[in-house]
Amino acid sequence: MRTSRKRWTRVAVIAVIAGTTVPAILRWVRRTGTRRRSVDMRMSVVVPRPIHDVFMFCRDFENFPRVLPSLLKIEDSQDGRSHWSARTPAGRVIGWDAGVTKYVPNSVIAWESAPGSPVEASGLMRFEALSPDETQVEISVHYRPIHTGIADAFLALVGVSSATRVRSAFDKATRNVTRKAMLS
């Protein structure tokens, strides 16, 4: 009988310890995973194309998934609003609406996610003609998921950070643009 009581006491102590530490661990995983899924990036790209061509490509948000593989689709309603879809580290699809906040032809495009979206996302692109056939694009991107599921958080912890993936995709896209421009 005493052995049974000791066993139940141990089980109760373990349950109390687990009950207090497991939620704390899960909160830490979610917070840390959300930070690893967040992107705050600034970069400059020189594209060997005239400013008008580069601006026209960038103003059509539906082109963005060609540059960033984590973006599945962007439906641009052509009235300053768009719907974005991306894949999470766990393979789920997340969608949000965004609106253009600044638009100056051949100069600036800025956007941000709509209030109440499951992500805070914004971007700014500034265009500058370096020559008649060369354009510099200053890019600033911010992306932060509001709620991260435990699977996405865990995968974000063990995988490559979103910022690293985005920067790598931009670098690859820039090399491809440069290569294509040289061949044409």
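To be clear, the structure that these remarks concern was listed above.
Residues numbered from 1 in each chain as written. Predicted model: local features only at pLDDT ≥ 70, side-chain atom pairs only at ≥ 80, totals over all residues. Heavy atoms only, no water.

### Looking at the overall build of the protein chain
Of the regular secondary structure elements, the protein chain holds 5 helices and 7 strands. Each helix and strand of the protein chain, ordered N terminal to C terminal, gives the series α-β-α-α-β-β-β-β-β-β-α-α. Counting the 184 residues in the protein chain, one finds 33% classified as buried. Surface accessibility of the protein chain: about 11,500 Å² in total, with carbon and sulfur atoms responsible for 58%. (Helix = DSSP H or I, 4+ residues; strand = E, 2+ residues; numbered from the N terminus. Buried < 20%, exposed > 50% of the residue type's maximum accessible area, 1.4 Å probe, protein only. Areas by Shrake-Rupley, 256 points an atom, 1.4 Å probe, with all protein chains shown as cover.)

### Digging into the packing of aromatic side chains
Using the criterion set out here, one finds 10 aromatic pairs in the structure. Geometrically, the ring pair formed by Trp84 and Trp96 is stacked, given 6.1 Å between the ring centres and 20° between the ring planes. Of this pair, Trp84 sits in strand β3 (residues 81–87) while Trp96 sits in strand β4 (residues 93–104), and the two are 12 residues apart along the sequence. A single burial state applies to Trp84 and to Trp96, both of which are buried. Centroid distance Trp84 to Trp111: 6.0 Å. Interplanar angle 25°. Geometry classified as stacked. Placement of the pair is Trp84 in strand β3 and Trp111 in strand β5 (residues 108–113), with a sequence separation of 27 residues. (Phe/Tyr/Trp six-rings, centres within 6.5 Å; stacked < 30°, edge-to-face > 60°.)

### So, helix α2 (residues 51–59)
Helical geometry note: an α-helix holds 3.6 residues per turn, so side chains three or four residues apart project in the same direction. Three or more residues of α2 are buried, namely Ile51, Val54, Phe55 and Cys58. Across the axial projection of α2, the buried residues extend over an arc of 95°, all falling on one side. (Arc of directions from axis to C-beta.)

### A look at the pattern of salt bridges
Within the structure shown, the criterion is met by 4 salt bridges. Across the salt bridge formed by Glu75 and Lys73, the nearest N and O atoms sit 3.5 Å from each other. In this structure Glu75 comes out as partly exposed when scored by relative accessible area, which is 41%. Its salt-bridge partner being Glu120, residue Arg144 comes within 3.2 Å of it at the nearest N-O pair. Taken together, the residues span a long stretch of sequence, with Arg144 in strand β7 (residues 134–145) and Glu120 in strand β6 (residues 119–131) at a distance of 24 residues. In this structure Arg144 comes out as partly exposed when scored by relative accessible area, which is 30%. Taking relative accessible area as the criterion, Glu120 reaches 34% and is therefore assigned partly exposed. (Salt bridge = Lys/Arg side-chain N within 4 Å of Asp/Glu carboxyl O.)

### Some points on the pairing of β5
Among the 6 residues that make up β5, 5 are buried, leaving the element largely enclosed by the rest of the structure. By the bridge criterion, 6 bridges tie β4 to β5 in an arrangement that is antiparallel. By the bridge assignment, Lys102 is partnered in β5 with Ala110. Counted between consecutive antiparallel strands, the loop separating β4 from β5 contains 3 residues, among which Asn106 sits at a positive phi close to 60°. The pairing of β5 with β6 spans 5 bridges and is antiparallel. What sits directly across from Val108, in β6, is Arg126. Counting the residues between successive antiparallel strands, the hairpin from β5 to β6 contains 5 residues, one of them, Gly116, with a positive phi of roughly 85°. (Pairing = 2+ DSSP bridges.)

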